[in-house]
Amino acid sequence: MRTIGHFIGGKTVDGGSGRTAPVYNPSTGEVQAEVALATKAEVEAAIANAAEAQPAWAATNPQRRARVMMKFVDLLNQNMDELANLLSSEHGKTVPDAKGDIQRGLEVAEFAIGVPHLMKGEFTDGAGPGIDMYSMRQALGVVAGITPFNFPAMIPMWKFAPAIACGNAFILKPSERDPSVPMRLAELMMEAGLPAGILNVVNGDKEAVDTVLTDRRIQAVGFVGSSDIAQYVYATAAAHGKRAQCFGGAKNHMIVMPDADMEQAANALIGAGYGSAGERCMAVSVAVPVGEATADKLMETLVPKVQALKVGLSSDPDADFGPLVTKAALDKVKAYVDTGVQEGAELVVDGRDFTMQGYENGFFMGGCLFDRVTSDMRIYKEEIFGPVLSVVRAKDYEDAVRLPNDHEYGNGVAIFTRDGDAARDFTSRINVGMVGVNVPIPVPLAYHTFGGWKRSGFGDMNQHGPDSVRFYTKTKTVTSRWPSGIKDNAEFVIPTMG
Ligand code: NAD
């Protein structure tokens, strides 16, 4: 059995805890590797290593740090196929979708090449007589990222690329369900010229996370995962004096106005609802047609498309989506579908009984479509994270706007319409962090920022874009006066420049 250890001090090391977790091949249901779960002492050793390496990295000129990122981007492109196959074999998403996962992380590494520009700070010449005032952005020191299973390439890169380009050392605690790509990313960073100790990967579970959250040498923690854990990480990190930005779960709505192109809206729902088996924080899981006539038209277009979805092995180039990540995830999603039926929603397409011939132990299910879901049902209120789309019929536009506004999650939302006025009103009033107008998955590009509202995001700064540089640096402001005068008289009044 293949074992996966940790990446510490510039090389892979075996785990020493004796505790492991299984890494599955979701298409076959077989365990393909065992990943080590780090002890407190192993995490502390990684932190010590990072703390020792970090000052020299911070003192390396920013352009040289950026060049490591340039080379890393090159290596990602050269190794794209190998990385995508590896990712797909542990996660279960299709290979083209795995390439998208890598590409969206690569773009943040590209953004990080420009970090020297964003770290420049501010300068005021002559803020007072003979006085200059300037601010600079400095690295925090050792920072950490705790990431989820569903984007094992993209989200680690969202975290470590800006942090490292800013001069920090990084401890990555990736998901124990698909750890191989994060380990490969660390190897590629070394190949790109990163000094040993600046990027460490410790595999593990709660014990590793709790060590990261409480160790005084860690200055900042970036987390992505489910909301309860996000809130726990946020509160624990803050209680231990750390910066934290923690992103959680989602229930993304797509409003379909009566004037929308129904074919276009239905296609958008198919891709955004069922792509990656619905295991995306920006997946659309609720469709909200406005008015009964719109709902009927939408269902007419949507149902045959859901029935025609092609579930396949993650390596099948023709599959629309592959298996879920684990048996536990599959059971949970199916249980939600059972709940929906019990709650009285109309299960129009039922994918629960789907099995893949020859791969009966794989974690597959077909697409499910519910109609007449209401806002008091659990399948509406909770994140299902599977290939299940719920249709909630809104009686009018105001009713439709109220749904995402009142929902506890606020990650993404979309409106499909031909009416600019409706779209404009919607984007202005909606209480959600990322909004699409005729775009079902409005994931902002690397040089903008990504973050949800309400229980989808804890903390005040978003991921990537300019916020990532603010998050991973601290501001130092210097007031300087040359050449003399200071020693003449003591000044007892607070200095003002007036
Ligand atoms: P998860 O919360 O189970 O795990 C996330 C990370 O936390 C993993 O590294 C895991 O090892 C660790 N962890 C799990 N339980 C823990 C505990 N009790 N104490 C400390 N650490 C713990 O999430 P997941 O299932 O890997 O990912 C799916 C979730 O992530 C979904 O809710 C999805 O919406 C969310 N997500 C959000 C975003 C976003 O940007 N908002 C992006 C991707 C995924």
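Every value quoted in this text rests on a predicted model; they were computed, and no experiment measured them. (Residues numbered from 1 in each chain as written. Predicted model: local features only at pLDDT ≥ 70, side-chain atom pairs only at ≥ 80, totals over all residues.)

> Any chance you could explain the domain arrangement of the protein here in plain terms?
The parts lose accessible area when they come together, and the size of an interface is often stated as this lost area. As far as domains go, the protein holds domain 1 (2-248 + 456-478) and domain 2 (252-437). On a C-alpha basis, the centroid separation for the pair domain 1 and domain 2 is 31 Å. Across the contact, 18 residues belong to domain 1 and 25 residues belong to domain 2. Every element with two or more residues in the side of domain 1 that touches domain 2 is listed here: helix H3 (80-91) and helix H4 (95-112). (Domains from an automatic or database assignment. Contact = placed C-beta atoms within 7 Å. Helix = DSSP H or I, 4+ residues; strand = E, 2+ residues; numbered from the N terminus.)

> What is the right way to look at the packing of H3 against helix H7 (residues 180-191) in this model?
For any two helices packed against each other, one specifies the inter-axial angle together with the distance between the axes. Where H3 contacts H7, the two axes come as close as 9 Å, and the packing angle between them is 155°. Regarding the angle of H3 to H7, the classification is roughly antiparallel. Of the residues in H7, those in contact with Leu83, Leu86, Leu87 and Glu90 of H3 are Ser180, Val181 and Arg184. A class-by-class count of the residues in the contact of H3 with H7 yields 4 nonpolar, 1 polar and 2 charged. (Axes fitted to C-alpha atoms, helices over the stretch in contact; angles between N-to-C directions. Parallel < 35°, antiparallel > 145°, perpendicular 65-115°, else oblique. Nonpolar A, V, L, I, M, F, W, Y, C, P; charged D, E, K, R; others polar.)

> Please explain the nonpolar core as it appears in this structure.
When a protein is soluble and globular, its nonpolar side chains tend to lie buried together. One finds Met157, Phe170, Ile171, Val212, Val221 and Val233 to be the most contacted residues of the largest nonpolar core, which totals 83 residues. Of the residues forming this core, the biggest block, 9 residues, is contributed by helix H6 (residues 154-165). Beyond its immediate sequence surroundings of up to four residues, Phe170 is in contact with Val143, Gly145, Phe160, Ala163, Ile164, Ile198, Leu199 and Asn200. Counting 68 residues, the second-largest nonpolar core is a separate cluster that includes Leu269, Ala283, Val290 and Val306. (Core = buried A, V, L, I, M, F, W, Y, C linked by C-beta atoms within 7 Å. Buried ≥ 20, exposed ≤ 12 C-beta atoms within 10 Å, placed from the backbone.)

> Please clarify how the UniProt feature "domain: Aldehyde dehydrogenase" (unreviewed entry) in the protein should be interpreted in this entry.
Sites flagged by UniProt as "domain: Aldehyde dehydrogenase" (unreviewed entry) map to residues 16-478. Annotated as residues 16-478, this span is 42% helix and 21% strand, and its ends, taken at the C-alpha atoms, are 47 Å apart. (UniProt positions renumbered as here; feature names shortened; annotations may be inferred.)

> Help me understand the sheet that holds strand E1 (residues 2-4), please; the structure alone is not making it clear to me.
The strands making up a sheet are joined through hydrogen bonds of the backbone, oriented either antiparallel or parallel. Strand order in the open sheet formed by 3 strands is E1-E5-E4, and the pairing between neighbours is mixed. Because the sheet does not close on itself, it has two edges, and the strands there are E1 and strand E4 (20-25). On average, each strand axis in the sheet is tilted by 35° relative to the strand beside it, whichever way the strands run. As paired elements, E4 and strand E5 (residues 30-36) share 6 bridges and run antiparallel to each other. Looking at the pairing, Thr20 lines up with Ala36 of E5. (Pairing = 2+ DSSP bridges.)

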